[in-house]
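Notes for the structure review
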There are 2 protein chains.
Amino acid sequence: MTFANPIIAAGVRGLQSLYAERAVTPVEATESYLSRIRGLDGALGCYVHVDAEGARTAAHESAARWQSGRAISALDGVPIGIKANIAVGGFPWHAGIGGHRERIAAADAECVSRLRAAGAIILGVLNMHEGAFGATTDNPWFGRTHNPWKHGHTAGGSSGGSGAATAAGLCAAALGSDTLGSVRIPAGFTGTFGHKPTQGLISTEGVVAMSWTLDHVGVHARSVEDCGLMLAGACGADGELAGDIATPMSLEMLKAAPFAVLDFAAVAEVSPATAKALHAAVERGRAAGLNFETISLGDYDFAAAIQSGLLICAAETLVEHDEALTANPEGFSEAYRAILKMGSSRSAPDLARAYRTLGSMAEAAREALSGYAGLILPTTPFPACPFEEQPRDVALFTTLGNVVGLPVTAFPTGMDEGLPLSASALAWDDETALGLAQAMTQSFEAPGDYRG
Amino acid sequence: MTFANPIIAAGVRGLQSLYAERAVTPVEATESYLSRIRGLDGALGCYVHVDAEGARTAAHESAARWQSGRAISALDGVPIGIKANIAVGGFPWHAGIGGHRERIAAADAECVSRLRAAGAIILGVLNMHEGAFGATTDNPWFGRTHNPWKHGHTAGGSSGGSGAATAAGLCAAALGSDTLGSVRIPAGFTGTFGHKPTQGLISTEGVVAMSWTLDHVGVHARSVEDCGLMLAGACGADGELAGDIATPMSLEMLKAAPFAVLDFAAVAEVSPATAKALHAAVERGRAAGLNFETISLGDYDFAAAIQSGLLICAAETLVEHDEALTANPEGFSEAYRAILKMGSSRSAPDLARAYRTLGSMAEAAREALSGYAGLILPTTPFPACPFEEQPRDVALFTTLGNVVGLPVTAFPTGMDEGLPLSASALAWDDETALGLAQAMTQSFEAPGDYRG
C-alpha cells in the first residue's frame, strides 16, 4: 500500500531520516500512528490493547534524544506493535486465549526489552489466532482481524494483527511469531514483508510457547530494509554486528550465487495468479542478473512434514497450557480444544516418530539445497480467502523454514482480484534471504492507500 | 586387574611401545588375545562373535606397517572388541535382540571404520543387555556376561561384554554405547575406565538406536590414557587434533581450577564402601593439589530425570524397532516387550513433557556447575550384585551425563568384598574429564590377575 501521510509512508528507515533531518519528531510520528489507529482500527481489529500514554511518554524521551543528537539506534522513536503472545511488561499477555484475558505480563520478553533499549516505541498489543494455533486470526475472544485489502477476508495468521497493522499503516513495523508459518502467512496475505529469522537469532524467552522446538520470533515491515532494522533491534545486535544483520546482501554479491526455484506445481495445487506472479518475480531476478534453476526438494515431503509438525505443536502446546486447561477448560475455545485433543490422543512413540520424521526431512531438504545459496517458493498456495472459508494448504510451503530452522523472507509479488500475492526467499543466512527478497521486489509497486 | 602376560598388561599405549621397540608384533599380540579369549571367555560370556581369521589378517598387515616404519596411529595393531549394537561389516549386528540374531552388518559404523582406518584390529563382537535397555547383561538370547571379579555377579550393562572383556584382558580396549549410563555402569562394576564423550563427538551412525536424543558411543579401557587414544581413534581425529583429544588435561593445569563433589548422600542411599572410596579419592586429589567443594545440583532432580529419560528411551526404541516388533514380536523377550509397552501406553504430551523436563534439568545442572571445572560423583550407588538381584538405582547418577551431554569418565576407586568400586568425573570438555579421572586414580592399584 502507499500512504498519503509521509510519516506513515516513511516506514522505519524513512522515519529515521525524517528524525535526523529534524523534519518530524517521534512525538509527531507517534501521534500520527495513534490517530490512524483511532480512525481505522475499529473496522480492522488489529489491536487488542493500545497504550497511548505510554507511547507518548516514550516518544517524548526519544524526541529529546534526537534533539540532543543522542539517538540510540535506527529504531529510536519508531512506533511498533507486538503480537499478543510476546510479553510486554504491564500489557495484556493472553496469546489470544480467553482464559488468559486478564493476564498482565510482569516484564518484557527479551526481544521486547531489546527493542525498547534500541528506542522503539511500543504502541500496543496485536491480535492473533487463538494460541497461535491457526492461520485466520478469526479469534473467538478478541474478534476478527480483517484484511486491509478486502474487508471480510482473513489477514492470515497466526500473527494476523501484526501483518494487517503493518499493511494498513497502524504501526511502522511489528513483532510476530512463526511456528509453521505464522509470520509469513499474514505477510503474504497482506502484501507486506515478513521475515522468520534463523532459529534462535531472536530469543523466544517471554513468548507463550506453541512449540518450543519450532517457535521463532519474526518481524513484519513494509520493506526488506525495515525488516533488517527490526531484526537487528529484536536480537539485540549493536555496533558493527547490528549493521551486518540489518543489511540485506547486495545484488552484486547475489549475482555470484546459484539460486533455486521450487518446482511447486509438483507439490500442490497453487493458484494460477500466485504461480504467474512468482514466475514473473523470478524473471525480474534474472533480468537483474540472478541465476535460478528449478529443483525439487528430494525426499522432503511437504505433506508429511506438516502432519508431523502439527502433532509436535499439539503435544507441546498441551504441555505449555496443561495447568490452565485443567483449571479452566472453558478459557479455551471448543475448536482449539478439539485440535489439542487430537494431540493428547496420540501416543508417545507417535510423537517420537514425528520428531524423527522432521529430523530426516530437515536433512533431506538441506541436502537438496546444498548446491544453492537460496530457494524461491510460494508463501501460500492461494491468496487470502473470506472468513467463511478455510485457507487451503496454508502452511504447506512455510513449514519448511521451521523444519530446517533457516531464515525465510516473504515478499509481495503482485495483486490478484484486489488481494496481494507473495513469494518467499529461503537462504542459509538472514542477510541472503533478505537480499534475495529485496532483489526480487525492487520493481514492485503496491497500489493504493488504505483508508478503511 | 594385573596380568602376568606383559602383552595383555600393556593395554593400548603399552602395546604401541612394544611394537615401536620391536619387542612384540601385532601378530603376537593378536594371538595372545585370541588365545586368552579361547581359554577364558567360555566362562565369562563376553564375546558373541570372534573373527580369529580376520583379526590375524589385519594383524599381519599392521605388523608389516610397523616393520616398515609406516604405523598409522597409536592404535595400529591394537586388538579391540565392539559392542553388538555397533555395526562391523560382515559381523552379526543384533544389539542383543534374538529377532536380529541372523542380521549381518553390511558395512562398518562410522566409528568402527575410523578405528579400522587408524589400524585397530577387531577381535569380535561383545555381548550386551538386550536392546541396550537394562544394566545387567543377563541376555535371554546370548547368555550372561559374568563379572570377572566374581562369577555369578553382573558385569553391569548395557555394555557388559565391553566392560568385562576389557577388565579380564580379552581385548586391549572396546567400544560401548551409553544412553543413560551403559558405558560407565559396566566400567564401574568391573573396575575399569569408561569414558562417555561429549555428545556427538563419536558418531552414532551405524549404531542401533536406543534413543537417538540420548545415545552416545563411548570407550572402555584399562587406563585413562588408553581411553583417550580410543576416543581420538573413534572420532576420527588425526594430526594435532588427535593428540589434543587423546591427551588428558595435566595435573598442573587442573590445579588452577575449582572442582565440585556432589553431595550424593542427599540424593540417594549409597553403599558405605562406595562413599568411603569416593571420599578417599577426593582426598588423594586434594593431596595432589586439586581443589574441591561439596555442592548439590540445585533443581536437577535425579529421580525425575531418570523417569523422563526412561520414557524417552521407550518411545524412541519403539520407533526404532517398530517394524521388527510388529513382524516378529517373539524376537524380543517378554521382559523387553513389557518395558516397551510402558512407553507405548503413554501419550504424546507425556513425551513432550519428558523432553521439556530433561531440557530444564540440563539447564539447572549446567547452572549449578557453572562455577566449577568439573564434578565428582559416584558411578553407581552400589557395586555389582548377583544376577538374582536387580542393581538398585543403577543409572541414577550416570543419567546426568546424558541429560547435559557433557563428557564423563568412570574410574576405579578401590575394592569392597572382592568387587570394584568406582567414581565418575564429569567436566565441560573431554580432556578435563579424563585428566581429573587420571589425577584421582594415579595411586590406585587394582589387585590380581584374572585367571578364570
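Residues numbered from 1 in each chain as written. Chains lettered and ligands numbered in written order. Predicted model: local features only at pLDDT ≥ 70, side-chain atom pairs only at ≥ 80, totals over all residues. Heavy atoms only, no water.

This part takes up the confidence of the model for chain A. Averaged over all residues, the pLDDT of chain A equals 95, while 98% of them reach at least 70. For this predicted complex, the interface confidence reaches an ipTM of 0.87, while the overall pTM sits at 0.91. (pLDDT = per-residue confidence, 0-100.)

Okay, the nonpolar core next. If you look at the biggest cluster of nonpolar residues, it comprises 308 residues, and the most contacted ones within it are Leu-175 of chain A together with Leu-175 and Leu-297 of chain B. Take this core: its biggest share by element is 11 residues, from helix α15 (residues 348–369) of chain B. (Core = buried A, V, L, I, M, F, W, Y, C linked by side-chain atoms within 4.5 Å. Buried < 20%, exposed > 50% of the residue type's maximum accessible area, 1.4 Å probe, protein only. Helix = DSSP H or I, 4+ residues; strand = E, 2+ residues; numbered from the N terminus.)

Taken as rigid bodies, chain B and chain A are interconverted by a rotation of 180° and an axial shift of 0.1 Å, the fit giving an RMSD of 0.0 Å. Expressed as a symmetry operation, the mapping of one chain copy onto the other fits a two-fold axis. Both copies share a contact surface, since 100% of the interface residues of chain B are interface residues in chain A too. (Least-squares fit on C-alpha atoms with pLDDT ≥ 70 in both. Contact = heavy atoms within 4.5 Å.)

Turning our eyes to something else, we now look at the interface of chain B and chain A. Tallying the contact residues gives 20 residues for chain B and 20 residues for chain A. Here chain B meets chain A over a buried area of about 1,500 Å², counting both sides, of which 66% is carbon and sulfur. Contact with chain A buries surface across chain B, with Val-319, Ala-348 and Arg-356 of chain B losing the most and accounting together for 34% of the total. Scanning the region where chain B abuts chain A turns up four salt bridges. The set of elements that each furnish at least two residues to the side of chain B that touches chain A consists of α12 (302–320), α14 (334–344) and α15 of chain B. Top element by residues in the side of chain B that touches chain A is α15 of chain B. It accounts for seven residues. (Buried area = accessible area lost by both parts, 1.4 Å probe. Salt bridge = Lys/Arg side-chain N within 4 Å of Asp/Glu carboxyl O.)

Next up on the list: the packing of aromatic side chains. Applying the stated criterion across every chain yields a total of 13 aromatic pairs over all chains. Judged by centre distance (5.7 Å) and plane angle (70°), the ring pair of Phe-302 of chain A and Phe-397 of chain A falls under edge-to-face. Remark: Phe-397 of chain A occurs in the loop between β13 (374–378) and α16 (399–404) and Phe-302 of chain A occurs in helix α12 (residues 302–320); sequence separation between them is 95 residues. According to the relative accessible area criterion, Phe-397 of chain A is buried, its value standing at 2%. With centroids separated by 5.0 Å and ring planes inclined at 70°, the aromatic side chains of Tyr-355 of chain A and Tyr-355 of chain B adopt a geometry described as edge-to-face. Of the two residues, Tyr-355 of chain A sits in helix α15 (residues 348–369) while Tyr-355 of chain B sits in helix α15, which places them in two different chains. The pair Tyr-355 of chain A / Tyr-355 of chain B is uniform in exposure class, with both members buried. Taken together, the ring pairs connect Phe-133, Phe-332 and Tyr-336 of chain A into an aromatic cluster. Looking at Arg-103 of chain A, its charged tip hangs above the ring of Trp-93 of chain A, at a distance of 4.5 Å from the centre. (Phe/Tyr/Trp six-rings, centres within 6.5 Å; stacked < 30°, edge-to-face > 60°. Lys NZ or Arg CZ within 6 Å of the ring centre and 35° of its normal.)

A few words on the sheet that holds strand β13 (residues 374–378) of chain B. Residue and element names in this part refer to chain B. If you walk across this open sheet you meet the 11 strands as β1-β3-β2-β8-β10-β9-β14-β15-β13-β11-β12, and the pairing is mixed. The sheet is open, and its two borders are formed by β1 (47–50) and β12 (291–295), each paired with just one other strand. Neighbouring strand axes in the sheet, compared pairwise and without regard to direction, differ in orientation by 30° on average. (Pairing = 2+ DSSP bridges. Axes fitted to C-alpha atoms, helices over the stretch in contact; angles between N-to-C directions.)

The next thing to look at is the environment of Cys-227 of chain A. All names here are of chain A. Tracing the backbone through its elements, the reader meets Cys-227 in helix α8 (residues 224–234). For the pair Cys-227 and Ser-73, spaced 154 residues apart in sequence, the C-alpha to C-alpha distance is 15 Å. What Cys-227 contacts, discounting residues up to four positions off in sequence, is Phe-193, His-195, Val-219, Ala-221 and Leu-434.

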